[in-house]
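Residue-level listing of the chains:
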Amino acid sequence: MTAEPVIEVQKLWTRRGRQVIHRDLDLRVEAGEIIGLVGGSGSGKTTLLRVVIGLDAPMRGTARLFGVDPLNAPRRQRLAVQQRFGTLFQAGALFSALTVFDNVALPLRELRSLDQRLIRDLVMLKLHLVEIEPIHAGKMPAELSGGMIKRVALARALALDPELLVLDEPTAGLDPDRSRSFVKLIQSLSKEHGLTVFMVTHDVDTLSTLATRVAVLAEGRIVADGPLDQIRQNDHPFIASFFGTAGSGAPRVEPAPA
Amino acid sequence: MTASLIQLQTRASGERVVVLSGDWTLKALRPAAARVARALKSLAADSTLHWDLRAIEALDSAGALMIWRAWGGDRRGATTIKSEHAAILERVAEVPPVEARRWRLDLLAPLVLLGRRESQIFRHDIALVKLVGGLVLDAFYLVAHPREIPWKEISATIYKAGVMAMPVTALVGFLIGVVLSYLTADTLKAYGAGVYIVNLLGISIVRELGPLLVAILIAGRSGSAMTAQIGVMRVTEEIDALVTIGISPISRLIMPKVIGLAIVMPLVSLWAIGAALLGGAIAAKAQLGLSVVYFLGVLPKVVSPDNLWIAMVKALTFGMAIAMIASDFGLRTKPNTESVSSSITTAVVTSITIVILMDAVFAILFRDVGFE
């Protein structure tokens, strides 16, 4: 647990079918950073995220998490890395056959060394963190609203107290009030636990309040990388249209991708 | 990562202090969670002790929760702690305690369960009747508006459930024919009745085995696919989307399957009957020396064409039943993965059972037809 980067992507090439998505992409995320990844629809944000967490294999190049390439690591090492990060998928990806409680309890039960009471209390704690009342704990995911699914999925991502949180569109589908409390929660977690956050988002509000660094993905690589204020000055055409022309009034929010 | 450590120290002033140090995280505590919890609990029983948590290097919610639980959910006044860790402990303290649900013995539970299942079956029957009614109404509508008949979907069903099933039905039919022929040939030969193998195979395959075999294969092959398709469409709300666009799921999804199977089942049955008879004829040639040409020549004389008609009627009704049962179970799928898998299982089991029941009914209805 030295000062090695949490995420290190080097010379990454990926493709979907015959179309190359990333060319020679480099990205580094240090511990404690909250990095927001922005980019147009279809620019490969989610693909990059999937490669980073080891779901997809890159065509060329490497992606390391905590210094380990999860796809090529031995089983135990891979498992150890997987227990150090939590992922919030775009549509929640709750297990539809399990209740809210069991969804959050699943990663804890998988450790196979905690007693039932501790698991129960931890689950209730995580649900409380994301503002899900105990009466909803017994519900099935199909009975929840979209915003609640998102919050339960966040609770599941936080179940193991991860060092890294990977978020795909965390505030899409949340009402402004909930997305503000989401931002506050992430902020306090990152302050108290030194949580590192890697998020894909279109929400300029979330970016400006939460992200310590913004990386802009366009043309298959990171075209700009730095604090938000610095990014706004960049005159790349995508950045200009994403944040509204530099310096002029309210930012324009791109419609959420399908 | 440093190990979590509990020490009981006595300060110079005579004050006794519990010092917690190291990592108090899920990862560090995991191997000995129960032991640590017990140790904490026994220390917490002595309320005069001072707690010093400043030496804790890393604290996460699991560690905080363990400490908090040991304290019995009450803040110890005599505690020193780092400010950032105090915030974590504070967060744990905020959670309202939840009582674990207790198990109660309910003697009436089996009766309630029985009643629930009974009413479930009743509701299911009503749903099936509704589906059939909907199909009939839609059929009338389509007769009046022939332009809206979903030809494309019907032909897709015919292709997927029929054409694609031709190799497997031919193979299975052929093998059944060979096996039946082999097994009966010896007995028939013993009675010097070898030539009657044509009658035996003809009647049993044409009238009974052909349609039944194909029905079972199609129920497993296409019935399951239909339930899965409709079930997943239910889970992903695609069926609701169809309704809002103004497309009736019954006429666009279910009707083509029912019509498609009604058309294709007799044809596939015919094909399988042909393969089975061919297999039987070849085996008869090997066992009894009956030439294939003789076998096929005698066949129409000993098996009246009525049998073939019965087979076709059976195949048609089996096809419609399979499509309707598969669709019904698909529509009743609840929006979760578990329900999709159990729907498919029950759909296939139910349609095979119903097909065999219907076969028995046909056997009684047509007992006087088709025999010399």
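Here, the structure is the one placed above.
Now for a look at the structure at hand. (Residues numbered from 1 in each chain as written. Chains lettered and ligands numbered in written order. Predicted model: local features only at pLDDT ≥ 70, side-chain atom pairs only at ≥ 80, totals over all residues.)

1. Description of the overall build of chain A
Stated precisely, the cut-off is as follows: The way it works is that DSSP assigns letters per residue, a run of H or I at least four long becomes a helix, a run of E at least two long becomes a strand, and they are numbered from the N terminus. Here the globule rule is a power law, 2.2 Å times the number of residues to the power 0.38, and the radius of gyration is based on C-alpha atoms. Remark: C-beta atoms are placed from the backbone, and a residue is labelled buried if 20 or more other C-beta atoms sit within 10 Å of its own, exposed if 12 or fewer do, or partly exposed between those counts. C-beta atoms are placed from the backbone for every residue, and two residues are taken to be in contact when these atoms lie within 7 Å.
Of regular secondary structure, chain A possesses nine helices and nine strands. Taken over C-alpha atoms, the radius of gyration comes to 18 Å for chain A, in line with the 18 Å a tight globule of 258 residues would show. Across the 258 residues of chain A, 43% fall into the buried class. For chain A, contacts bridging at least 24 residues in sequence account for 64% of all contacts bridging at least 6.

2. Quick notes on the overall build of chain B
When its secondary structure is counted, chain B shows 13 helices and five strands. The C-alpha atoms of chain B give 36 Å as radius of gyration, which overshoots the globular expectation for 372 residues (21 Å, by more than 25%). Taking the principal axes of its C-alpha atoms as reference, chain B extends roughly 115 × 60 × 45 Å. The buried share of chain B, reckoned over its 372 residues, is 34%. Partitioning the intrachain contacts of chain B with sequence separation of at least 6 by distance along the chain shows that 84% fall at a separation of at least 24.

3. Re the sheet that holds strand E4 (residues 60-65) of chain A
Adjacent strands of a sheet pair through backbone hydrogen bonds, lying either parallel or antiparallel. Residue and element names in this part refer to chain A. Threshold: Strands are treated as partners if at least two bridges between them are detected by DSSP. A fitted line through C-alpha atoms represents every axis, and for helices the fit uses only the stretch in contact; the resulting angles, taken between N-to-C directions, go from 0 to 180 degrees.
In space, the three strands of this open sheet follow the order E2-E1-E4, with antiparallel pairing throughout. Of all the strands in the sheet, the pair left with one neighbour each is strand E2 (19-29) and E4. On average, each strand axis in the sheet is inclined to that of its neighbour by 25°, with strand direction left out of account. As judged from the seven bridges shared by strand E1 (residues 7-16) and E2, these two strands associate in the antiparallel manner. The residue bridging Arg 16 from the neighbouring strand is Gln 19, located in E2. The strands touched by helix H1 (residues 45-52) within the sheet are E1, E2 and E4, with E1 carrying the most contacts at an inclination of about 125°.

4. What about unusual backbone geometry?
Residues and elements named next belong to chain A. The phi dihedral of Lys 11 is positive, around 45°, even though this residue is not glycine. Relative to the elements of secondary structure, Lys 11 occurs in strand E1. Of note in the backbone geometry, Asp 161 takes a positive phi value of approximately 50° without being a glycine. Among the secondary structure elements, Asp 161 is positioned in the loop between helix H5 (146-157) and strand E6 (164-168).

5. Examining the interface of chain B and chain A
Short version of the rule: Any residue that is not Ala, Val, Leu, Ile, Met, Phe, Trp, Tyr, Cys, Pro, Asp, Glu, Lys or Arg is counted as polar, Gly included; the first ten are nonpolar and the last four charged.
With 24 residues of chain B at the contact, the number on the chain A side is 21 residues. Within the residue set of the side of chain B that touches chain A, elements represented by two or more residues are helix H2 (33-44), helix H3 (61-70), helix H4 (83-94) and helix H13 (337-365) of chain B. Here the side of chain B that touches chain A takes five residues from H4(B), the largest share from any one element. Across the side of chain B that touches chain A, the residue classes break down as 14 nonpolar, four polar and six charged.

6. Regarding the pairing of strand E7 (residues 196-200) of chain A
Residue and element names in this part refer to chain A. Put simply, the rule reads: Look down the strands so they point away from you; if the path from the first strand over the helix to the second goes clockwise, the crossover is right-handed.
Buried residues dominate E7, accounting for five of its five residues. Across the two faces of E7 the burial is the same, with Thr 196, Phe 198 and Val 200 and Val 197 and Met 199 all buried. Summarising the sheet, strand E3 (residues 34-39) and E7 pair through four bridges and their orientation is parallel. Considered in E7, the bridge of Ile 34 is made with Val 197. When E6 meets E7, the two strands line up parallel, connected through five bridges. Its bridge partner being in E7, Val 166 is matched across the sheet by Phe 198. The handedness of the E6 to E7 crossover, carried by helix H6 (residues 176-193), is right-handed.

Everything listed is a geometric property; what it means functionally is a separate question.
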